Amino acid sequence: MPSADAADATPAAAPPPRAAISHVIFDMDGLLLDTEGFYTAVQEKILARYGKVFDWSVKAKMMGKTTAESTRILFEECGLTGLLTPEQFLEEREIMLKELLPTCVPMPGVVRLIHHLHSNGIPLAIATGTHEHHFALKAQNHQEIFSLMHHIVTGDDPVVKAGKPSPDIFLAAMSRFEACSDGPRCKVGCFTSQRS
């Protein structure tokens, strides 16, 4: 009969190997750049004039959606119909965002992470629901990050038919990596801050 010491000497089974990630796709708002607070502040300010409150329950339903879809949700949830039009809301919001978005800063650790992945030969991409004109405002002071991206897919890209949580934007971003066009050699890691 083997001793207890002999039983303890039996090597433990090795954990199964993990697949190496070959490519990385990042969401942007709230993950790479600290911008979520700007949208909240602007929407709170506009809604306060009508005695409405923009709270987390509404924000959670809007996050990651297209501009049209998030505006529809805001109007339904906050009862804004008849107080102003979606066009008036978006026009006012745009004026405020044009001032705020260029002042955004990277989230903690982002610059280091992007440089680490890039220096290790991992192709990087962005898949953001943000439209191209807002992307330009957010990215203008952060070329250190965005110049290292293989490509960027914005929410108004013609290939993106449905906003998040639909996977359209991530599939579009994946397909633009050369190695991912045929699929098998591509092990993509997608990172998002959305709670969809």
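The name an unreviewed UniProt entry gives the protein chain is (DL)-glycerol-3-phosphatase 2, with Urochloa decumbens as the organism.

Trainee: I tried to follow the pairing of strand E1 (residues 23–26) on my own but got confused; where do I start?
Mentor: Within a regular strand, the side chains alternate between the two sheet faces. Burial of the side chains of E1 extends over both faces: His 23 and Ile 25 are buried on one face and Val 24 and Phe 26 on the other. Of the strand pairs in this sheet, E1 and strand E2 (residues 124–128) are connected by three bridges, and their pairing is parallel. In the strand pairing of E2, Phe 26 is matched with Ile 126.

Trainee: Hey, could you run me through the packing of helix H5 (residues 86–100) against helix H7 (residues 132–139) in this one?
Mentor: Any two packed helices are characterised by the angle at which their axes cross and by the distance between the axes. Taken N-terminus to C-terminus, the directions of H5 and H7 make an angle of 25°; their axes are 10 Å apart at the nearest point. When the axis of H5 is compared with that of H7, the two are roughly parallel. Between H5, through Arg 93, Glu 94, Leu 97 and Lys 98, and H7, the contact on the second element is made entirely by His 133, His 134 and Leu 137. A breakdown of the residues in the contact of H5 with H7 according to their chemical character gives two nonpolar, two polar and three charged.

Trainee: Please clarify how the layout of surface pockets should be interpreted in this entry.
Mentor: To find the voids left in a structure, one rolls a probe of water-molecule size over its atoms. Its boundaries defined by the atoms lining it, the largest pocket holds a volume of some 430 Å³. What lines the largest pocket is a set of 27 residues, and nearest its centre among them are Tyr 39, Gly 64, Lys 65, Ser 70 and Arg 93. For the lining of the largest pocket, the secondary-structure elements that each account for two or more residues are helix H2 (36–48), helix H3 (56–62), helix H4 (67–78), H5 and H7. The element that contributes the greatest number of residues to the lining of the largest pocket is H2, accounting for four residues. Its residues placed into classes, the lining of the largest pocket shows five nonpolar, 13 polar and nine charged.

Reading the values: rules and limits
- Residues numbered from 1 in each chain as written.
- Predicted model: local features only at pLDDT ≥ 70, side-chain atom pairs only at ≥ 80, totals over all residues.
- Heavy atoms only, no water.
- Buried < 20%, exposed > 50% of the residue type's maximum accessible area, 1.4 Å probe, protein only.
- Helix = DSSP H or I, 4+ residues; strand = E, 2+ residues; numbered from the N terminus.
- Pairing = 2+ DSSP bridges.
- Axes fitted to C-alpha atoms, helices over the stretch in contact; angles between N-to-C directions.
- Parallel < 35°, antiparallel > 145°, perpendicular 65-115°, else oblique.
- Contact = heavy atoms within 4.5 Å.
- Nonpolar A, V, L, I, M, F, W, Y, C, P; charged D, E, K, R; others polar.
- 1 Å grid on protein atoms, 1.4 Å probe; cavity = no way out; pocket = protein on both sides within 12 Å on 5 of 7 lines; lining within 4 Å.
- Points joined across faces, edges and corners; volume = space filled by probe spheres on them.

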